[in-house]
Amino acid sequence: MNRVLVQIGPITVYWYSFLILVAVIVGYQIVVSYSRKISYKTNEIMDMVLYLVIFSIIGARAYYVIFNFSLYQDDLLSIFMIWKGGLAIYGGVIAGILYILYYCKKKNLNFLRVLAIYSLSLLLGQAIGRWGNFFNQEAYGGKTTLAALKSLHLPQFIIDGMYIDGFYRQPTFLYESIWCLLGFILILFIRKLLKRKDGVVTYTYCIWYGIGRFFIEGI
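Presented here is a report on the structure given in the accompanying data block. All residue numbers refer to position in the chain's written sequence, counted from 1. This being a predicted model, a pLDDT of at least 70 is required before a residue's local features are given, and a value of 80 or more before pairs of side-chain atoms are given or counted; all residues contribute to the totals for chains, interfaces and linings. Side-chain measures here rest on the full set of heavy atoms in the structure, leaving out hydrogens and waters.

What to know about the overall build of the protein
Logical step 1: Here a strand is any run of E in DSSP of at least two residues, a helix any run of H or I of at least four, and the numbering for each starts at the N terminus. Each helix and strand in the protein was counted, giving 9 helices and 5 strands.
Logical step 2: Starting at the N terminus and walking to the C terminus, you meet the elements of the protein as β-β-α-α-α-α-α-β-α-α-β-β-α-α.
Logical step 3: The globule rule puts the C-alpha radius of gyration for 219 residues at 17 Å, and the 18 Å found for the protein is close to it.
Logical step 4: The proportion of buried residues among the 219 residues of the protein is 41%.
Logical step 5: Contact definition: two residues touch when any of their heavy atoms are within 4.5 Å. Long-range pairs, those at least 24 residues apart, make up 70% of the contacts in the protein between residues at least 6 apart in sequence.
Logical step 6: Entry remark: accessible area of the protein is about 12,500 Å², with carbon and sulfur atoms responsible for 66%.
Logical step 7: The positive charge centre, built from 20 side chains, and the negative charge centre, built from 10, are 12 Å apart in the protein. In this setup the radius of gyration rests on C-alpha atoms only. A globule is expected at 2.2 Å times the number of residues raised to 0.38. Only protein chains enter the calculation, and the probe is 1.4 Å; a residue is then buried if its accessible area is under 20% of its type maximum, exposed if over 50%, and partly exposed in between. Using a 1.4 Å probe, the Shrake-Rupley method yields the accessible areas, and only the shown protein chains count as cover for residues. Charged-residue counts in this description rest on Lys and Arg as positive and Asp and Glu as negative, His and the chain ends being excluded. By convention, the point assigned to a charge is CZ for Arg, NZ for Lys, CD for Glu and CG for Asp.

Following this line, the structure appears as structure tokens:
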């Protein structure tokens, strides 16, 4: 599996970094759209996007490194090489929520409403970002067989990419990506169905993602 998307001279662009960037851009567009639909203070919401992304990535990396420190203890500089993979969504969510809480208190904004705006974009961003794990051949599941993967009617490039360390593996990145995409669609439906949206979007995200992650982790 080639982790490199394109290389021009000394400049190397990795699939992992590219897909994270795509996830951020898509998430940004959703935040803008959602803010306008609920007639919220779009300018103030936009002001926090850049810092929110930065703190979320730092939190995601810190969480991963802390719980996998044995991978970095002999080469501490590799901690900063995030293009090689190693971001934990839990750390990103925790750091993001803390920053949103800080920003809302500073600007006197409704915390639950702002959190709902970003929760919706987060699910779709996760669905996109998980494909970065595919190209890095990480976040895969237990051993399986070629026949089992073919029975799922997967494209051949996914089957080929799941041949890791001499064995075929469960494509858990794909399971989670699909689960997040379905959750995004579900939240869009719920948001249109219910008039009171503050909190509902965020709670739905937590429940939906929690259930999916519980079963996927078992694989």
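Structural notes on the pairing of strand 1 (residues 4-8)
Logical step 1: Relative to strand 2 (residues 11-14), strand 1 is paired through 4 bridges, and the arrangement is antiparallel. Looking at strand 2, one finds that Val 6 is bridged to Val 13. One requirement defines pairing of two strands: DSSP has to find at least two bridges between them.

Re the nonpolar core
Logical step 1: The biggest cluster of nonpolar side chains holds 31 residues, and the ones touching the most others in it are Ile 45, Met 48, Ile 100, Val 114, Tyr 118 and Leu 120.
Logical step 2: Elements represented by at least two residues in this core include exactly helix 1 (15-37), helix 2 (42-47), helix 3 (49-67), helix 4 (89-107), helix 5 (111-136), helix 8 (172-193) and helix 9 (200-217).
Logical step 3: Broken down by element, this core gets its largest block of residues, 9 residues, from helix 5.
Logical step 4: Counting residues in each nonpolar core, the second largest holds 13 residues, with Leu 19, Ile 158, Ile 164 and Leu 174 among its members. Put simply, a nonpolar core is a bunch of buried Ala, Val, Leu, Ile, Met, Phe, Trp, Tyr and Cys residues held in one set by side-chain atoms that sit within 4.5 Å of each other.

Some points on the state of the cysteines
Logical step 1: Criterion for a disulfide: a pair of cysteine sulfur atoms within 2.5 Å. For the coordinates displayed, the defined rule picks out 0 disulfides.
Logical step 2: In this structure Cys 104 is a free cysteine whose sulfur lies 15 Å from that of Cys 206, the closest cysteine sulfur available.

Regarding the sheet that holds strand 3 (residues 143-144)
Logical step 1: Reading across from one edge, 3-5-4 is the order of the 3 strands in this open sheet, with antiparallel pairing throughout. The sheet terminates laterally at strand 3 and strand 4 (163-164), the two strands that pair on one side only.

Thoughts on a nonpolar patch on the surface
Logical step 1: A surface patch of nonpolar side chains, amounting to about 660 Å² of accessible area, comprises Leu 112, Tyr 203, Ile 207, Ile 211, Phe 214 and Phe 215.
Logical step 2: Looking at the nonpolar patch, the element that brings in the most residues is helix 9, giving 5 residues.
Logical step 3: By the element assignment, Phe 215 lies in helix 9.
Logical step 4: Taking relative accessible area as the criterion, Phe 215 reaches 56% and is therefore assigned exposed. For patches, a residue must show more than 30% relative accessible area and have no salt bridge; joins then use 9 Å for like charges and 5 Å for nonpolar side chains, namely Val, Leu, Ile, Met, Phe, Trp and Tyr. The term salt bridge refers to a side-chain nitrogen of Lys or Arg lying within 4 Å of a carboxyl oxygen of Asp or Glu.

Digging into the side chain of Thr 204
Logical step 1: Position of Thr 204 among the secondary structure elements: in helix 9.
Logical step 2: In this structure, Thr 204 is in contact with Leu 186, Ile 187 and Ile 190, ignoring residues within four places of it in sequence.

Remarks on the packing of helix 3 against helix 4
Logical step 1: Only the contacting stretch of a helix is used when fitting its axis, a line to C-alpha atoms as for every element, and angles between N-to-C directions run 0 to 180 degrees. Relative orientation of the contacting elements helix 3 and helix 4 amounts to 140°, with a least axis distance of 6 Å. In terms of orientation, helix 3 lies oblique with respect to helix 4. Relative to helix 4, the crossing made by helix 3 is right-handed. Seen from helix 3, the contacting residues are Tyr 51, Leu 52, Phe 55, Ser 56, Gly 59, Ala 60 and Tyr 63; seen from helix 4, they are Tyr 90, Gly 91, Gly 92, Ala 95, Gly 96, Tyr 99 and Ile 100.
Logical step 2: Of the residues that constitute the contact of helix 3 with helix 4, the class distribution is 9 nonpolar, 5 polar and no charged. The cut-offs work like this: below 35 degrees is roughly parallel, past 145 is roughly antiparallel, 65 to 115 is roughly perpendicular, and the gaps in between are oblique. Should the near helix be turned anticlockwise from the far one by less than a right angle, the crossing is termed left-handed; should it be turned clockwise, right-handed. Three categories are distinguished: nonpolar for Ala, Val, Leu, Ile, Met, Phe, Trp, Tyr, Cys and Pro, charged for Asp, Glu, Lys and Arg, and polar for the others, with Gly belonging to the last.

A look at the packing of aromatic side chains
Logical step 1: Whether two aromatic rings pair depends on their centres lying within 6.5 Å, for rings of Phe, Tyr and Trp, where Trp uses its six-membered ring; planes under 30 degrees apart make the pair stacked, over 60 edge-to-face, and the rest tilted. Taken as a whole, this structure holds 19 aromatic pairs when the rule is applied.
Logical step 2: Judged by centre distance (4.7 Å) and plane angle (35°), the ring pair of Tyr 63 and Phe 67 falls under tilted. Placement of the pair is Tyr 63 and Phe 67 together in helix 3, with a separation of 4 residues, close to one helical turn.
Logical step 3: Its relative accessible area of 27% is what places Tyr 63 among the partly exposed residues.
Logical step 4: Their ring planes at 10° and their centres at 4.0 Å tell us that Trp 179 and Trp 208 sit as a pair that is stacked. Of this pair, Trp 179 sits in helix 8 while Trp 208 sits in helix 9, and the two are 29 residues apart along the sequence.
Logical step 5: Given the relative accessible area of 24%, Trp 179 is considered partly exposed.
Logical step 6: Three or more aromatic residues link up through ring pairs in this structure, and these residues are Trp 15, Phe 18, Trp 131, Phe 134, Phe 135, Phe 157 and Phe 173.
Logical step 7: Any Lys NZ or Arg CZ found within 6 Å of a ring centre and within 35 degrees of that ring's normal is scored as a charge over the ring. Its guanidinium or amino end placed over the ring of Phe 167, Lys 143 lies 3.9 Å from that ring's centre, counting from NZ or CZ.

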